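Summary of structural features
Each chain, letter by letter, is given below.
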Amino acid sequence: MCLSIPGKVEKIENGKIIVDYGSGKRTADFSLADIQEGDYVIVKEKIVIEKIPKKEAEEYLKLIKNAGKND
Amino acid sequence: MLEKMIDETPEAVFFRYSAGCAYQLFNLGRITKQDYDEIKNFRARGEIPDRAFLEKVYPVAIERIKRLATSLGRDYWSIEIIKKYFLEEHNRVIDRGEGYYAQAPDVIKELCKVRVGIVTGKEDRGFIVYTVDFGGREEKVVGKYLPNAKKGDKISAHWKEAVDIIR
């Protein structure tokens, strides 16, 4: 299952990355992208498919968190 | 297992286009955790929800599709109308900055848009990953639910997932 939301790369371990979504952590393959710890990524089917600039990822996560609270 | 997701029925086409929005809708409080989990389960099983479920979970998109269908004198559960909505009207909603799109970063708005590009590469990683040229910029797009596109095909993509071959 994919998650259409940026997650933060917590660490690189054994050729995989661990992605933190706040509500949980998932492992993913990052062979399609140049990834470092602290990057924000979009993962589809356990593969990193896009890296999202940190500022925009954090802005977006804050936005949907606040939007949900305001609904 | 994925045959139903790949089907060319109105429900399958609508679900392929709309499924990528589900996490946003859940986070925005527009759908329940139960509905979100059901969407994930449908996708995992490669099955398509029925119209009643889709109309409950995506009322805003359905309403816009209904308006479009009415203006054209068509039934709203029509493949042609659904595709027309997602390929034409959906992006205009984002560009107009309706709802939370008013504040969403540009990179996220681009992911939310339905984009059309040309397949330039295709690889099998247990599921298909396409390389797609979106007007000069090549990007990777998952083809799990649209595995049959070929190099040179024009496809639509939503949230980095291939959705449809544009004929």
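So, here is what we can say about the structure in this document. These numbers were taken from a predicted model, which means no experiment stands behind them.

1. With respect to the overall build of chain B
What chain B contains, in helices and strands, is eight helices and five strands. Expected size for 167 residues packed as a compact globule is a radius of gyration near 15 Å; at 15 Å, chain B falls within 12% of this value. Summarising its shape, the C-alpha atoms of chain B cover approximately 35 × 35 × 35 Å along the three principal directions. Here chain B holds 167 residues, and the buried ones make up 54% of them. Here the analysis covers contacts within chain B between residues at least 6 apart in sequence; of these, 47% occur between residues at least 24 apart.

2. Structural notes on the pairing of strand β1 (residues 114-124) of chain B
Residue and element names in this part refer to chain B. Bridge count between β1 and strand β4 (residues 154-158): five bridges; the pairing is antiparallel. Bridge pairing links Val 116 to Ser 156 in β4. Pairing of β1 with strand β2 (residues 128-134) involves six bridges; the strand directions are antiparallel. Looking across to β2, one finds that Ile 118 is bridged to Asp 133. Counting the residues that bridge the hairpin from β1 to β2 gives three residues, and of these Gly 126 lies at a positive phi of roughly 95°.

3. Some thoughts on the interface of chain A and chain B
In this complex, chain A contributes 26 residues to the contact, which on the side of chain B involves 32 residues. Summed over both partners, the interface of chain A with chain B buries about 2500 Å², with 66% contributed by carbon and sulfur atoms. Along the contact surface separating chain A from chain B lie three salt bridges. The partner of Lys 144 of chain B in a salt bridge is Glu 45 of chain A, and the shortest N-O contact between them spans 3.2 Å. At the surface where chain A touches chain B, the tally comes to five residue pairs in polar contact (both at pLDDT 80 or more). Of all the elements in the fold, those that place two or more residues in the side of chain A that touches chain B are β1 (3-13), β4 (40-44), β5 (47-52) and α1 (54-70) of chain A. It is α1 of chain A that provides the largest number of residues to the side of chain A that touches chain B, a total of seven residues.

Cut-offs and rules
- In every chain, residue numbers begin from 1 and rise along the written sequence.
- Chains and ligands are labelled sequentially in the order written, the chains with letters from A and the ligands with numbers from 1.
- In view of the model being predicted, local features appear only for residues whose pLDDT reaches at least 70, and side-chain atom pairs are presented and counted only at 80 or more, with totals across whole chains, interfaces and linings using the full set of residues.
- Processing note: side-chain calculations cover all non-hydrogen atoms of the structure and skip hydrogens and water entirely.
- Starting at the N terminus, helices and strands are each numbered in turn, a helix being any DSSP run of H or I of at least four residues and a strand any DSSP run of E of at least two.
- Throughout, the radius of gyration refers to the C-alpha atoms, and the reference size of a globule is 2.2 Å times the residue count to the power 0.38.
- For the exposure calls, accessible area comes from a 1.4 Å probe over protein chains only, and a residue counts as buried if that area is under 20% of its type's maximum, exposed if over 50%, partly exposed in between.
- Two residues form a contact once any of their heavy atoms are found within 4.5 Å.
- By the convention used here, strands pair only if DSSP detects at least 2 bridges between them.
- The term buried area means the drop in 1.4 Å probe accessible area that two parts suffer when joined, counted for both and summed.
- Whenever Lys or Arg places a side-chain nitrogen within 4 Å of a carboxyl oxygen from Asp or Glu, that contact is recorded as a salt bridge.
- Within 3.5 Å is the distance limit for a polar contact, defined as a pair of N or O atoms, with the added protein rule that one can donate a hydrogen and the other accept it, and that residues adjacent in sequence qualify only through two side-chain atoms.

This is a description of form; function is not addressed.
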